[in-house]
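Architecture and fold: a report
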Amino acid sequence: MKQLTVLVAVAGALAGCGPVRTTANLLDAEVQIQAARTAGAEKEAPYEWTLANLYLYKAREEVGYSDYQAGVDFAVKASKYANEAREKAMSVGSESSPSGSRPTP
(Lines give C-alpha, C1' and ligand atoms only; values in the text may rest on other atoms or scores of the structure.)
Protein backbone atom coordinates (compact mmCIF):
# COMPACT_ATOMS: atom_id res chain seq x y z
CA MET A 1 0.00 0.00 0.00
CA LYS A 2 2.86 2.36 0.84
CA GLN A 3 4.50 1.69 -2.53
CA LEU A 4 1.26 2.49 -4.31
CA THR A 5 1.04 5.84 -2.51
CA VAL A 6 4.60 6.70 -3.49
CA LEU A 7 3.94 5.66 -7.09
CA VAL A 8 0.82 7.84 -7.28
CA ALA A 9 2.70 10.80 -5.79
CA VAL A 10 5.56 10.46 -8.28
CA ALA A 11 3.16 10.08 -11.21
CA GLY A 12 1.26 13.18 -10.10
CA ALA A 13 4.45 15.20 -9.82
CA LEU A 14 5.63 14.13 -13.26
CA ALA A 15 2.27 14.88 -14.84
CA GLY A 16 2.50 18.49 -13.66
CA CYS A 17 5.84 19.09 -15.38
CA GLY A 18 4.49 18.93 -18.94
CA PRO A 19 2.51 22.17 -18.95
CA VAL A 20 5.23 24.09 -17.10
CA ARG A 21 7.99 22.98 -19.44
CA THR A 22 5.83 23.62 -22.48
CA THR A 23 4.95 27.12 -21.31
CA ALA A 24 8.61 27.96 -20.78
CA ASN A 25 9.49 26.76 -24.28
CA LEU A 26 6.59 28.65 -25.84
CA LEU A 27 7.66 31.86 -24.11
CA ASP A 28 11.23 31.35 -25.26
CA ALA A 29 10.06 30.86 -28.85
CA GLU A 30 7.94 34.02 -28.66
CA VAL A 31 10.92 36.03 -27.38
CA GLN A 32 13.12 34.67 -30.18
CA ILE A 33 10.48 35.57 -32.77
CA GLN A 34 10.20 39.11 -31.41
CA ALA A 35 13.99 39.46 -31.57
CA ALA A 36 13.92 38.24 -35.16
CA ARG A 37 11.17 40.72 -36.01
CA THR A 38 13.23 43.54 -34.50
CA ALA A 39 16.21 42.49 -36.63
CA GLY A 40 14.09 42.66 -39.79
CA ALA A 41 13.80 38.94 -40.40
CA GLU A 42 10.42 39.30 -42.11
CA LYS A 43 12.18 40.76 -45.15
CA GLU A 44 15.75 39.50 -44.82
CA ALA A 45 15.07 35.87 -43.84
CA PRO A 46 11.53 35.04 -44.96
CA TYR A 47 12.04 31.25 -45.06
CA GLU A 48 13.31 31.00 -41.49
CA TRP A 49 10.81 33.61 -40.31
CA THR A 50 7.88 31.68 -41.76
CA LEU A 51 9.09 28.37 -40.34
CA ALA A 52 9.48 29.88 -36.87
CA ASN A 53 5.95 31.26 -36.89
CA LEU A 54 4.40 28.08 -38.26
CA TYR A 55 6.21 25.90 -35.71
CA LEU A 56 5.03 28.21 -32.92
CA TYR A 57 1.47 27.95 -34.21
CA LYS A 58 1.73 24.15 -34.32
CA ALA A 59 3.23 24.06 -30.82
CA ARG A 60 0.27 26.01 -29.46
CA GLU A 61 -2.12 23.70 -31.30
CA GLU A 62 -0.52 20.58 -29.80
CA VAL A 63 -0.61 22.07 -26.31
CA GLY A 64 -4.29 22.74 -26.87
CA TYR A 65 -4.70 19.00 -27.42
CA SER A 66 -2.67 18.35 -24.22
CA ASP A 67 0.16 16.79 -26.22
CA TYR A 68 2.84 18.56 -24.23
CA GLN A 69 5.84 16.71 -25.61
CA ALA A 70 4.89 17.55 -29.18
CA GLY A 71 4.33 21.15 -28.04
CA VAL A 72 7.82 21.26 -26.58
CA ASP A 73 9.33 19.79 -29.74
CA PHE A 74 7.61 22.32 -32.01
CA ALA A 75 8.43 25.22 -29.67
CA VAL A 76 12.11 24.25 -29.72
CA LYS A 77 12.03 24.18 -33.53
CA ALA A 78 10.32 27.58 -33.55
CA SER A 79 13.09 28.99 -31.33
CA LYS A 80 15.76 27.48 -33.56
CA TYR A 81 14.38 28.98 -36.76
CA ALA A 82 13.62 32.33 -35.13
CA ASN A 83 17.22 32.50 -33.95
CA GLU A 84 18.47 31.59 -37.44
CA ALA A 85 16.21 34.26 -38.94
CA ARG A 86 17.52 36.88 -36.52
CA GLU A 87 21.15 35.98 -37.21
CA LYS A 88 20.60 35.99 -40.98
CA ALA A 89 18.78 39.34 -40.85
CA MET A 90 21.53 40.86 -38.72
CA SER A 91 24.27 39.60 -41.03
CA VAL A 92 22.48 40.97 -44.09
CA GLY A 93 21.94 44.27 -42.30
CA SER A 94 25.59 44.58 -41.31
CA GLU A 95 26.74 43.82 -44.86
CA SER A 96 24.57 46.51 -46.37
CA SER A 97 25.77 49.28 -44.07
CA PRO A 98 29.36 50.46 -44.57
CA SER A 99 31.48 49.95 -41.47
CA GLY A 100 33.02 52.92 -39.81
CA SER A 101 30.79 55.45 -41.51
CA ARG A 102 28.60 57.82 -39.56
CA PRO A 103 25.30 59.18 -40.77
CA THR A 104 25.40 62.72 -42.06
CA PRO A 105 23.43 65.26 -40.04
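Conventions and cut-offs
All residue numbers here refer to positions counted from 1 along the written sequence of the relevant chain. Local features in this predicted model are restricted to residues whose pLDDT is 70 or higher, and side-chain atom pairs enter the listing and the counts only when it is 80 or higher, whereas totals over whole chains, interfaces and linings include all residues. Only heavy atoms go into the side-chain values, all of them from the structure, while hydrogens and water stay out. Secondary structure is summarised from DSSP: a helix means a run of H or I of at least four residues, a strand means a run of E of at least two, and numbering begins at the N terminus for each. Two residues form a contact once any of their heavy atoms are found within 4.5 Å. The method behind every accessible area is Shrake-Rupley, applied with a 1.4 Å probe, and residues are considered shielded solely by the protein chains displayed. Only buried Ala, Val, Leu, Ile, Met, Phe, Trp, Tyr and Cys residues count toward a nonpolar core, and they belong to the same one when joined by side-chain atoms within 4.5 Å. Each residue is placed in one exposure class: buried if its accessible area under a 1.4 Å probe, protein chains only, is under 20% of its type's maximum, exposed if it is over 50%, and partly exposed if it falls in between. As a per-residue quantity, pLDDT reports the predictor's confidence and falls between 0 and 100. Geometry of aromatic contacts follows a simple scheme: Phe, Tyr and Trp rings, the Trp one being its six-membered ring, pair when their centres are within 6.5 Å, and the pair is stacked under 30 degrees between planes, edge-to-face over 60, tilted otherwise. The salt bridge criterion pairs a side-chain nitrogen of Lys or Arg with a carboxyl oxygen of Asp or Glu, the two atoms within 4 Å.

**Considerations on the overall build of the protein chain**
Check the secondary structure of the protein chain and you find four helices and zero strands. Reading the helices (α) and strands (β) of the protein chain from amino to carboxyl end gives α-α-α-α. In the protein chain, of all internal contacts separated by at least 6 residues, the share reaching a separation of at least 24 is 73%. When the accessible surface of the protein chain is split by element, carbon and sulfur atoms take 60% of a total near 7,300 Å².

**A word on the nonpolar core**
Nonpolar side chains in soluble globular proteins tend to end up buried together. Counting residues in each nonpolar core, the largest one holds 17 residues, and the members touching the most others are Ile33, Ala41 and Leu56. Residue assignment for this core shows that the elements contributing at least two residues are helix 1 (2–39), helix 3 (46–64) and helix 4 (68–96). Per-element tally for this core: the top contributor is helix 4, with six residues. Setting aside anything within four residues of it in sequence, one finds Ala41 in contact with Ala36, Pro46, Trp49, Ala85, Arg86 and Ala89.

**Regarding the confidence of the model for the protein chain**
Predicted confidence across the protein chain gives a mean pLDDT of 83, with 74% of residues reaching 70 or more. The spread of mean pLDDT over the elements of the protein chain runs between helix 1, the lowest at 75, and helix 3, the highest at 97. In this model residues 6–11 is a low-confidence stretch, pLDDT under 50, and it forms zero contacts with partners more than four residues away in sequence or in other chains.

**A closer look at the packing of aromatic side chains**
The geometry of an aromatic ring pair comes down to the distance between the two centres and the angle between the two planes. Following the criterion strictly, the structure yields two aromatic pairs and no others. Ring geometry for Tyr55 versus Phe74: centroids 5.9 Å apart, planes at 25°, classification stacked. Here the residue Tyr55 occupies a position in helix 3, and Phe74 occupies one in helix 4, the gap between them amounting to 19 residues. Joined through ring pairs, the aromatic side chains of Tyr55, Phe74 and Tyr81 make up one cluster.

**Looking at unusual backbone geometry**
The backbone of Ser66 shows a phi angle near 65°, a positive value even though the residue is not glycine. Along the chain, Ser66 falls in the loop between helix 3 and helix 4. In this structure Ser66 comes out as partly exposed when scored by relative accessible area, which is 47%.

**Thoughts on the pattern of salt bridges**
Scanning the model with the defined rule gives four salt bridges in all. The partner of Glu61 in a salt bridge is Lys58, with the nearest N and O atoms 3.7 Å apart. A residue pair is termed a helical-turn pair when its members lie 3 or 4 positions apart in one helix, as Glu61 and Lys58 do in helix 3 at three residues. Using a relative accessible area of 28% as the deciding quantity, one classes Glu61 as partly exposed. For Lys58, a relative accessible area of 28% translates into the label partly exposed. Here Lys58 and Glu62 are joined by a salt bridge, their closest N and O atoms 3.2 Å apart. Here the residue Lys58 and the residue Glu62 both occupy positions in helix 3, the gap between them amounting to four residues, near one helical turn. Look at Glu62 and you get buried, because its relative accessible area is 12%. What you see here is one network of salt bridges that share partners, running through Lys58, Glu61 and Glu62.

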